[in-house]
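Take a look at the letters that make up each chain.
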Amino acid sequence: MEKRKQLIVISAPSGAGKSTLARHILSVFPNFVFSISATTRKPRPNEVDGKDYFFVSKDEFEKLVKNNELIEYEQIFDNYYGTLKSQVDKNLEEGKVVVFDIDVKGALSIKQKYPSESFLIFIAPPSIDAIKERLVKRGTETTDDIEIRLSRINTEMELKDRFDFVLINDDLEKAKEELAKKITEITNTMSNSG
Ligand code: ADP
Ligand code: 5GP
């Protein structure tokens, strides 16, 4: 049997559905914890500091980088996002399974630093048009921001073969089911989704 994976990294181009699927996984595996990243982005109306992200200033973020407190970080859409070492190491020591919702490059950095503990999942959209439609419908970005997000897709899609598992998120219910099944296999943990 393969080693139990504790770091489940869910990654995808923006709008492919990674946050929706990561939330689903956390709801059906109640013992799993979410890796709360630090970011310089401003909170969206429904977001809570310390739950969705640690919202920090640019100065505070630079301090985290300087003090070597981040496992990886990326500049994405004019903001900085990074994974906190303290969070990950504490959860690993406690034997917890950690779910990450991070960008494609960040995911590959996690694999490099934790090759035997991590499992990388790439959420692929059924098409570029589907992503565009989802981002417009989600309504959290301006038209310009959506264009910036779309401009990154091709580079991100090219990296999908370096992931451990690629899941096409077309029918959402099917994708949720397939993902929960895969995660049950790799973590040896049963989900509550039946
Ligand atoms: P990401 O975190 O990858 O940027 P989200 O999870 O926020 O993407 O999904 C983008 C939007 O698309 C959200 O409004 C979400 O409800 C919707 N969505 C996610 N998966 C599907 C799907 N399979 N079919 C249709 N809409 C979807
Ligand atoms: P959003 O602003 O939509 O919350 O996130 C923008 C992008 O940043 C998403 O692709 C998200 O997965 C990614 N992201 C969030 N946290 C981190 C992190 O700690 N590291 C990296 N590399 N990407 C992150």
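Residues numbered from 1 in each chain as written. Chains lettered and ligands numbered in written order. Predicted model: local features only at pLDDT ≥ 70, side-chain atom pairs only at ≥ 80, totals over all residues. Heavy atoms only, no water.

(A) Looking closely at the overall build of the protein. Looking only at helices and strands, the protein features eight helices and nine strands. On C-alpha atoms alone, the protein measures out to a radius of gyration of 16 Å, which is about the 16 Å that the 2.2 N^0.38 rule sets for 194 residues. For the protein, the spread of C-alpha atoms along the three principal axes comes to 45 × 40 × 30 Å. In the protein, which comprises 194 residues, the share counted as buried stands at 49%. As presented, the protein carries roughly 10600 Å² of accessible surface, and 48% of it is formed by carbon and sulfur atoms. Distance between charge centroids for the protein: 2 Å, based on 30 positive and 33 negative side chains. (Helix = DSSP H or I, 4+ residues; strand = E, 2+ residues; numbered from the N terminus. Rg over C-alpha atoms; globule rule 2.2 N^0.38 Å. Buried < 20%, exposed > 50% of the residue type's maximum accessible area, 1.4 Å probe, protein only. Areas by Shrake-Rupley, 256 points an atom, 1.4 Å probe, with all protein chains shown as cover. Lys, Arg positive; Asp, Glu negative; His and termini not counted. Charge placed at Lys NZ, Arg CZ, Asp CG, Glu CD.)

(B) Seen up close, the site of ligand 2. Ser 37, Arg 41, Tyr 53, Glu 72 and Tyr 81 are the nearest of the 17 residues found near ligand 2. Note that an oxygen atom of ligand 2 is positioned 3.2 Å from one of the backbone N or O atoms of Gly 82. When the free accessible area of ligand 2 is taken as 520 Å², the share hidden by the protein chains comes to 94%. Here ligand 2 is seated within the largest pocket. Contributing elements (two or more residues each) for the shell around ligand 2: strand 5 (70-76) and strand 6 (79-84). Considered class by class, the residues forming the shell around ligand 2 number five nonpolar, four polar and eight charged. (Near = heavy atom within 4 Å. Polar contact = N/O pair within 3.5 Å; in protein donor to acceptor, adjacent residues only side chain to side chain. 1 Å grid on protein atoms, 1.4 Å probe; cavity = no way out; pocket = protein on both sides within 12 Å on 5 of 7 lines; lining within 4 Å. Sits in = over half its atoms within 2 Å of the grid points. Nonpolar A, V, L, I, M, F, W, Y, C, P; charged D, E, K, R; others polar.)

(C) Expanded view of the nonpolar core. Ranked by size, the top nonpolar core spans 27 residues in total, and within it Ile 8, Ile 25, Ile 121, Ile 123, Leu 179 and Ile 183 carry the most contacts. Secondary-structure elements contributing two or more residues to this core are strand 1 (7-11), helix 1 (18-28), strand 8 (118-124), helix 5 (128-138), helix 6 (143-151), strand 9 (165-168) and helix 8 (172-187). Residue contributions to this core peak at five residues, all from helix 8. Membership of the second largest hydrophobic core comes to 18 residues, among which are Ile 102, Val 104, Leu 120 and Ala 124. (Core = buried A, V, L, I, M, F, W, Y, C linked by side-chain atoms within 4.5 Å.)

(D) Summary view of the pattern of salt bridges. Enumeration over the complete set of coordinates arrives at 13 salt bridges. A salt bridge links Glu 185 to Lys 182; the shortest N-O distance between them is 3.4 Å. Linking Glu 185 with Lys 182, this pair stays in helix 8, spanning three residues, or about one helical turn. For Glu 185, a relative accessible area of 48% puts it in the partly exposed group. Several salt bridges converge on common partners, so that one network encompasses Arg 41, Arg 44, Glu 47, Arg 138, Glu 141 and Arg 149. (Salt bridge = Lys/Arg side-chain N within 4 Å of Asp/Glu carboxyl O.)

(E) Summary view of the sheet that holds strand 2 (residues 33-34). Spatially, five strands are ordered 2-7-1-8-9 in an open sheet, and the strand pairing comes out parallel. Each end of this open sheet is capped by a strand with a single partner; those strands are strand 2 and strand 9. Against the sheet, helix 4 (residues 104-113) engages strand 1, strand 7 (98-101) and strand 8, with an angle of about 160° to strand 8. (Pairing = 2+ DSSP bridges. Contact = heavy atoms within 4.5 Å. Axes fitted to C-alpha atoms, helices over the stretch in contact; angles between N-to-C directions.)

(F) Structural view of the packing of aromatic side chains. With the rule as written, the count across this model stands at seven aromatic pairs. Seen in terms of ring centroids, Tyr 53 and Tyr 81 are 5.9 Å apart; in terms of plane orientation they differ by 55°. Their pairing is tilted. On the criterion of sequence distance, the pair formed by Tyr 53 in strand 4 (residues 53-55) and Tyr 81 in strand 6 is long-range, its members being 28 residues apart. Judged by its relative accessible area of 13%, Tyr 81 is buried. Taken together, a centroid distance of 6.5 Å and an interplanar angle of 50° make the contact between Tyr 73 and Tyr 80 tilted. The exposure class assigned to Tyr 80 is partly exposed, which follows from its relative accessible area of 21%. The structure contains a cluster of three or more aromatic residues connected by ring pairs, namely Tyr 53, Phe 55 and Tyr 81. The ring of Phe 165 carries the charged tip of Lys 182 above its face, separated from the ring centre by 5.0 Å. (Phe/Tyr/Trp six-rings, centres within 6.5 Å; stacked < 30°, edge-to-face > 60°. Lys NZ or Arg CZ within 6 Å of the ring centre and 35° of its normal.)

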